[in-house]
Structures are given as structure tokens and as C-alpha cells.
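# Secondary and tertiary structure notes
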Amino acid sequence: MKKRYLVTAALPYANGPLHIGHLAGAYLPADIYVRYLRLMGKDVVFVCGSDEHGAAITVKARKENTTPRAIVDRYHEILKSTFEKIGINFDIYHRTSEPIHHETSQNFFRKLYDSQEFIEETTEQYYDESVGQFLADRYITGICPVCANPDAYGDQCEKCGSTLNPTDLKEPKSMLSGSVPVKRPTTHWFLRLDQHEAWLREWINTGKLNGIQLHDPAKWKNHVVGQCNSWLDQGLQPRAMTRDLDWGVDVPSEIPGSEGKKLYVWLDAPIGYISATRQWAIDQGKDWEPYWKDEDTALIHFIGKDNIVFHCLIFPAILKAHGGYVLPVNVPANQFLNLEGRKLSTSKNWAVWVHEYCEEFQGQEDVLRYNMIRKMPEQSDSEFTWKGFQETNNNELVNNLANFVNRVMVLTHKYYEGKVPEFNAAQTFKSGWTNEKPVIQADELKSMKEKLEEMSAKIESFNLREALMHVMEISSAGNALLQFNEPWKTIKTDPEQVKAVMNMALQVVATLSIALYPFLPFSSGRLRKMLLLPAIEDQGELDHLLKSLSANEPILAAGHEIGEASHLFSRIPDEVIDQQIAKLQATDVANKQDSGDKQINYQPMKETIQFDDFMKMDIRTGTILEAEKVEKSKKLLKLKVDLGFEQRTILSGIAEFFQPEEVIGKEVVVLANLAPRVMMGTESQGMILMAEDPDGKLCFVSPDKGWPGGMGVR
RNA sequence: GGCGCGAUAGCUCAGCUGGUUAGAGCGUGCGAUUCAUAAUCGCAAGGUCGGGAGUUCAAGUCUCCCUCGCGCUACCA
């Protein structure tokens, strides 16, 4: 194990609140891991913060008629308090709008610039002449080429989720002025990722850099290594590290041509981890540099799978290009969490918002945490359902864990006036782990220690759901201990044995109060209080516990007095679950209505044309004679169309909606004098006219059956 | 179409470098029990390991082909 740890959790974007997908994907696993490290007495710093730059925030500000500053201030506060409420314990929750971050990231840029890691390249970008500035992808709207949504952004259509380039949009419009943007050349600095490809490939696949073993690739998740290799095999391209933006970190002003240029978010955001660490060091009077630069530091990034290539390829390339920084020793990216069978969607409000949960389920933070861990998408996508939430709470937290604790507490008060009983160390009883031969307490403590070690191993390999199962097995063994020995019976016949059994049961409860801490910190705290034990203070308590167990030392001394029994968890009734399901269904209905009536998103009318303009088009009737799929294409069908006087080859992007055999014989309308165009190696001589609905579905526009081909349409 | 990841009991998932009758939790059935939030404990049923072919003495585990899901990526005149 390394001497010190720096753990990061992906910086959430400050334009919306936190939902359960974020939680299960990155923040909860990071928090559990960090809490565990601290329980083992490790030196660890856990950083995160709001990612507050970029065009999406300016766009949102414009829409709400406010400033970017106001937007990020608002969401920074929401995010920060949500993390606190759900028990995600960062050492610092920073923000990228802080001056120290601007300074840090500018210095990074400067260093890369000076060491000639960049090439300057000029490309064509959309420019709004009326306001005199380049338009970020997000500042351009237009008609989505995929689903015909008229409000698609230049980088993405929020309706159908397609990733776009601004040049893909039909009828692009500037969001600043509403005018039609023009293409204009602009110069940016590109990181030579192509030059980093070779060492990245080796580092990812062998863990070695310059012959030095930095990590064990076998410990990285399959999908992480796979995704990286997929990129590496396609060849890395130089990547722009700057943008034409007005909300972000300025390119250092002494660099020629820096005016109006801002750092690209993927340079900006990960460096936010470093800025946050620096600020933490200032606040704590510590030195930040060992945490980023000492070889004996383990850097670990917790992220969702959408961030893999940035954290495994691009950021490491930046760190190495800069020099002097350690590379991540692991990037345990999680996959995605679905909600009731569907993808989480911020824009469609298909989500469970963590701040709302904390309001509606006060005091039940751990119930959500527990369910998130049980359903954590560690290896593949997984699913959250409210029914499942209820089941894990009632069956596992209440029936197994809380009930066990309660049994022990009640019996201890009943038999021993709330004091941990003295017992004879040689007294035998039945084990809670194996119902075979009788054991003494030393044997039981050893079994428990082994289980804790299994839990530790699972946490260290990022198998958190299994780790949690091991903790629950300790509780099950506690229940079994009581069940096999039946103290409520033996109290009359063999009170000496009951003392040994109950003492053991109390040791199990005390052990749980520590083992639960990484996963369910609130419950751990409540349990410690119930036992009248000091709260966990991140001081290596688990390490001490393991040592005590090895040395056969009990955790709770005989004679120690415990507090009042109370229920650690309560059953969640059907009504509460039904209410939450109804709430989701309501947003679903609202969404349908949105797209159903008023917001059907009819495409806006195009500008008026003259009769002559229309007459320029030669539209003809025709019949599809042949149809086949175009090799290597998902969307294109190659059609042979009979226009009566001749036959044409026409490529049409309808393969996702029609099988070749079902369009043969179809009578269609063709734009016949459209200039030919080569696609996927075949020339298309015209265009089949189709009607398209808001979801991008297509249908043929056809003449009446049997109408002859080649007739003009007007 | 290409690439990556996945497909194992009703549900959610473990199964590392191939090796005896394929595992866990939940759910289900039966039994035991009453200290406990009708909780607990035990036992049992339940799987042609997505489909097909191959390599091997031996394949859930390796190879190839196919199907489906998720993601990235090229093509929509």
C-alpha cells in the first residue's frame, strides 16, 4: 500500500442538482473508499468541487435572464449542501470559479505552452457578425438532423440525445442575436495527443512507464481498459485545449493571440482537483505538493463511465506533458444507473433528486446509501426501483441489521441491567458462523476478524457491493448466534453460558458500529451512541479493531454500560413507495403532454419563396425497383428507382425504419434534379421525399396506387 | 458497419490465469423458534451458464460465427 492517498470525485457541473445516478456512479463509491482508508489509519485527502465554466452555464443564464455567476452560485450551494446531507465527506468542496483555480490552470497552460506541447491550428467556426464573436457549440441552435427537434444545440440535441457538431445543424441560428452565423477561421492550441499515444498504450496495458511499474492493470476494471484501448486503436488526434468562450479561465494574456480565448473545460476541470488540493492545504496549513508529486502517493479518480477517456488518457497526458505529477493508480469508473427501466434524464426530469430525497426522507439518508450500494453499477448498468428500495430496507436493514441490534440491546437490559456481562473465557457456546462444534469467544472473534478482512479486500478492489454483503453477513451471524444458543431459554438452565453468549453478541454489535461506518455513517453514529461509545473520528478505528480481534481482546469491556435501545431502521410502508412512484409517473405524464399538445415542436416555417424558386425543383413520381443495404452503413439504403423515362440509383437514409424488402414496389416522389452526391462510395442521383415526425420517424410520400412513373409533381 | 463492455437460478448479481455434483443475497415452499420492528434460524425446490460451431483428457471460463442490451464512432441530400 502507498503512503498517502489523493482521492478525487468527478466535479459535478454547476447547472443542475444532484441525482441518484451521480451518487451511485462516483460520489458514494469515493466516499466509502475514503472512509475505509481513514478507518485503516491512512493519510488521505478527498477533493471535489463544482465545475462552473462553459457555455451551457452562459446559455442557462441567458435563458433565465440572469448572470452566469448567479447560476453557479445557486447550484454550487445546492450541490455542496446536498453532499453534506447525504454524508459525502469531502475534505474540501471547491469551485472552479475561485481565483486560485484560474491561477493554477493558467500556470499549467503556460508550462505546456512553453514546453511546446501545443500546436496552433486554424479551423472554421461559426461566428456571429452582429455581435462580433465566435459562437460556442452551445450558442448555436438549429434543427436536429436526427430527430428534427428545432431547438437542438450545436453540441447535442437534448431531445434525442444525439451528439452533434455545429455544422450538422440544419438552419443554424445564433443564440446571441438570432441571426444566421457565418463560418470564420479561428486559431486554437491543440495538445499533441498523437505524440502521447505510445506511452499511454503501454501505461494503460502494462502499468509501466519508462520501465517503472506504476500500477497493476489487472486491478483496473475491464470496461475502463477496453474503452481506452478502443480510443488508442483508433489513433489519438490532437485535441483543442482552448475555446472561443466568454465564461471560463482566460488563456494567459502574454501568449500571442490569447484574446477572447478560454481554456477548454477538459483542461480546466481536472486541474480543479489540483486547485482544490492547494486550497485545502492553505486552509489546513499543510503542503499540497506531496499529494500530487510524491511517488508514494496513490491518485485515484472516481468517475462515471462517460468520463473514462478524459481521466485515463487526456488528463494523464496533460499531467505527463507538464511533468512532475503522479499518474492515477486506478480509475474505478462505474457504469450507469437506470431508474425504473429507463435512463436517468435531467432534462426530462426522470430522476430521483438527492436534495428532494433528503427532504422527504429525513433521517433515512443511509437507506438511500444502502440501496445505492446494493445496486451500484460496478461492472454493468444497473437499476434503481422504488419497490427494490423498499425491499432492501425492510428485508435487510430492518429485519436483519436493526432487529439484531435491538434483540441484543433488549436482552442486555433485561438480563444485565444494561451492562456488558462478565463471563468465563473458557465457557463454550454454539457459533453463529457454523452450527457444528461448540466454540469459545476467542474462536468467534477470529471468525469475525476474517470476515472483516474479506470486507477490506473487497473495498480495496472496489467491489463495494460485495464488501457490504460481508458486513451484513456479520449481522446475520449475530442473529444466528442468538438463534442457536437461545439465551431466552438457557437463562433458566445455564446462566453462565448466557453471559458468554450475550457478551459475544455485544462484541458483534460493537464491531458492526465500526464496519458499517464507510457505508452507513449515520447509522454507525447512532449505533455508537446507543452503545455509549465515542463517535468514529477517522483515526484508524478499523485497524485497531482488527488488532484487538487478533489479540483476542474484546471491544466492549465487561461492565461497560450501554444506552437505551432504539430502532436503527424502520419499515417503509407501501404508501410511501406508492407516493414516490406516483411522483415519477406524474413527470412522465407531464412529459407526454409536453410533446403531445402544445410543445409538439412543429418546425418553424421557412422564409417565403417565390413561385420561380419552387419551379426550379423537378419533382417526379417513381417506383422503387430494387433496394439493398449499403455496406458498413447503419442508415443508408441503396435504391433503384424507376422514373419511367430512366432508372436512377438513389441513396436514402431510411435503413433504420425500413427493411429493403418492404420498400420494393413502393411508389414514391423523387427530387430528380438534385445535384448528385457520393456517399459511402456510391453516387446518389436524387432524393426520395419523406415526411418526418418530431421523433425523427419517417414515412413515404406516395402518389395513388398505379400512378405512372416520371410524372411531374407541382 | 467498426470498436469496447455486457448476456449465469423468478429478481439483483459473484464466478481469478480452463479441472471434482455452477455460487450468494432477495423472493418462493416446508419445518423450528418467540428475546426482537409478524422479525429470526434451518432445510428444500429452482440454472441445456444468450444461440451455434471449434480447440482440449476437461469450457460458464479459450477461439470463431450469430442474436440482444449499453456506450463510443462513420454514413442521413
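Just so it is clear, the structure is predicted and the values come from calculations on it, not from any experiment. (Residues numbered from 1 in each chain as written. Chains lettered and ligands numbered in written order. Predicted model: local features only at pLDDT ≥ 70, side-chain atom pairs only at ≥ 80, totals over all residues. Heavy atoms only, no water.)

## Quick look at the confidence of the model for chain A
Residue-level pLDDT values for chain A average 87, and 91% of them are 70 or greater. For this predicted complex, the interface confidence reaches an ipTM of 0.90, while the overall pTM sits at 0.85. (pLDDT = per-residue confidence, 0-100.)

## Focus: the protein's contact with RNA strand B
In the region of RNA strand B, 58 residues are neighbours, and Lys-343, Arg-407, Lys-635, Leu-674 and Arg-677 sit closest. One of the side-chain N or O atoms of Asp-381 is found 3.1 Å from a sugar or linking oxygen in RNA strand B. Leu-568 has a polar backbone atom sitting 3.3 Å from a base oxygen of RNA strand B. Those elements giving two or more residues to the surface near RNA strand B turn out to be α6 (222-234), α12 (386-416), α14 (464-485), α15 (487-493), β24 (647-652) and β26 (677-679). (Near = heavy atom within 4 Å. Polar contact = N/O pair within 3.5 Å; in protein donor to acceptor, adjacent residues only side chain to side chain. Helix = DSSP H or I, 4+ residues; strand = E, 2+ residues; numbered from the N terminus.)

## Some words on the environment of Leu-516
With respect to the helices and strands, Leu-516 occurs in the loop between α16 (495-515) and α17 (521-530). Linking Leu-516 and Glu-537, residues 21 residues apart in sequence, is a C-alpha distance of 14 Å. Sequence-distant contacts of Leu-516, that is, excluding residues within four places in its chain, are made with Leu-401, Val-471, Pro-521, Ser-524 and Leu-527. (Contact = heavy atoms within 4.5 Å.)

## Some thoughts on the packing of α6 against helix α9 (residues 308-322)
α9 packs onto α6 with a crossing angle of 60° between their chain directions and a minimal axis gap of 10 Å. The angle between α6 and α9 falls in the class oblique. Pair α6 / α9 crosses with right-handed handedness. The residues of α9 that touch α6, namely those facing His-223, Val-224, Gln-227, Cys-228, Trp-231 and Leu-232, are Ile-308, Val-309, Cys-312 and Leu-313. Looking at the contact of α6 with α9 residue by residue, the class counts come to 8 nonpolar, 2 polar and no charged. (Axes fitted to C-alpha atoms, helices over the stretch in contact; angles between N-to-C directions. Parallel < 35°, antiparallel > 145°, perpendicular 65-115°, else oblique. Left-handed = near helix turned anticlockwise from the far one by under 90°. Nonpolar A, V, L, I, M, F, W, Y, C, P; charged D, E, K, R; others polar.)

## Examining α17
Among the residues making up α17, those that are buried are Pro-521, Ser-523, Ser-524, Leu-527, Arg-528 and Met-530. Where α17 is buried, its residues touch α1 (20-39), α11 (365-374), α12 and α16. (Buried < 20%, exposed > 50% of the residue type's maximum accessible area, 1.4 Å probe, protein only.)

## Topic: the nonpolar core
The biggest cluster of nonpolar side chains holds 170 residues, and the ones touching the most others in it are Val-7, Tyr-27, Trp-292, Phe-384, Phe-389 and Phe-519. Sequence-distant contacts of Phe-389, defined by excluding residues within four places in its chain, comprise Tyr-357, Phe-361, Val-367, Leu-368, Asn-371, Phe-384, Ile-572 and Ile-577. In terms of nonpolar packing, the next biggest core, distinct from the first, is built from 17 residues, Leu-637, Leu-639, Val-668 and Val-670 among them. (Core = buried A, V, L, I, M, F, W, Y, C linked by side-chain atoms within 4.5 Å.)

## Topic: the sheet that holds strand β18 (residues 342-343)
If you walk across this open sheet you meet the 3 strands as β18-β17-β19, and the pairing is mixed. Of all strands in the sheet, those with a lone pairing partner are β18 and β19 (382-384), marking the two edges. Across 2 bridges, strand β17 (residues 337-339) lies against β18 in antiparallel orientation. If you follow Leu-339 over to β18, its bridge partner there is Arg-342. (Pairing = 2+ DSSP bridges.)

## Overview of the state of the cysteines
Considering all chains together, one arrives at 0 disulfides under this definition. Lacking any disulfide linkage, Cys-312 is separated from the closest cysteine sulfur, that of Cys-228, by 4.0 Å. (Disulfide = S-S within 2.5 Å.)

## Let's talk about the packing of aromatic side chains
Counted under the stated rule, the structure contains 26 aromatic pairs. For the ring pair Phe-46 and Phe-90, a centre distance of 4.8 Å and an interplane angle of 55° mean the geometry is tilted. Residue Phe-46 is located in strand β2 (residues 43-50), and its partner Phe-90 is located in the loop between α3 (68-85) and β3 (92-95); the two are separated by 44 residues in the primary sequence. Take Phe-46: its relative accessible area is 0%, and that puts it in the buried class. Ring geometry for Phe-109 and Trp-189: centres 6.0 Å apart, planes at 90°, overall edge-to-face. With a gap of 80 residues between them, Phe-109 in helix α4 (residues 99-114) and Trp-189 in strand β9 (residues 182-191) connect regions that are remote in the sequence. Both residues of the pair, Phe-109 and Trp-189, belong to the buried class. A network of ring pairs unites the aromatic residues Tyr-27, Phe-46, Phe-83, Phe-90 and Tyr-93 as a single cluster. A cation over a ring is seen here: Arg-4 above Tyr-291, with NZ or CZ 5.9 Å from the ring centre. (Phe/Tyr/Trp six-rings, centres within 6.5 Å; stacked < 30°, edge-to-face > 60°. Lys NZ or Arg CZ within 6 Å of the ring centre and 35° of its normal.)

## Section: the pairing of strand β22 (residues 619-629)
With 5 bridges connecting them, β22 and strand β25 (residues 667-671) associate as antiparallel partners. Directly across from Gly-622, in β25, lies its bridge partner Val-668. The sheet contact formed by β22 and strand β31 (residues 712-713) spans 2 bridges and is antiparallel. Its bridge partner lying in β31, Ile-619 is registered against Val-713. Both β22 and strand β23 (residues 637-642) contribute to a ladder of 6 bridges, which runs antiparallel. Along β23, the bridge assignment pairs Ile-624 with Val-641.

## Points about the pattern of salt bridges
What the rule picks out here adds up to 33 salt bridges. We note a salt bridge from Asp-543 to Lys-547, for which the minimum N-O separation is 3.0 Å. A residue pair is termed a helical-turn pair when its members lie 3 or 4 positions apart in one helix, as Asp-543 and Lys-547 do in helix α18 (residues 541-550) at 4 residues. Residue class for Asp-543 comes out partly exposed when judged on its relative accessible area of 21%. Judged by its relative accessible area of 51%, Lys-547 falls in the exposed class. Where salt bridges share partners, they join Glu-52, Arg-69, Asp-73 and Arg-95 into one cluster. (Salt bridge = Lys/Arg side-chain N within 4 Å of Asp/Glu carboxyl O.)

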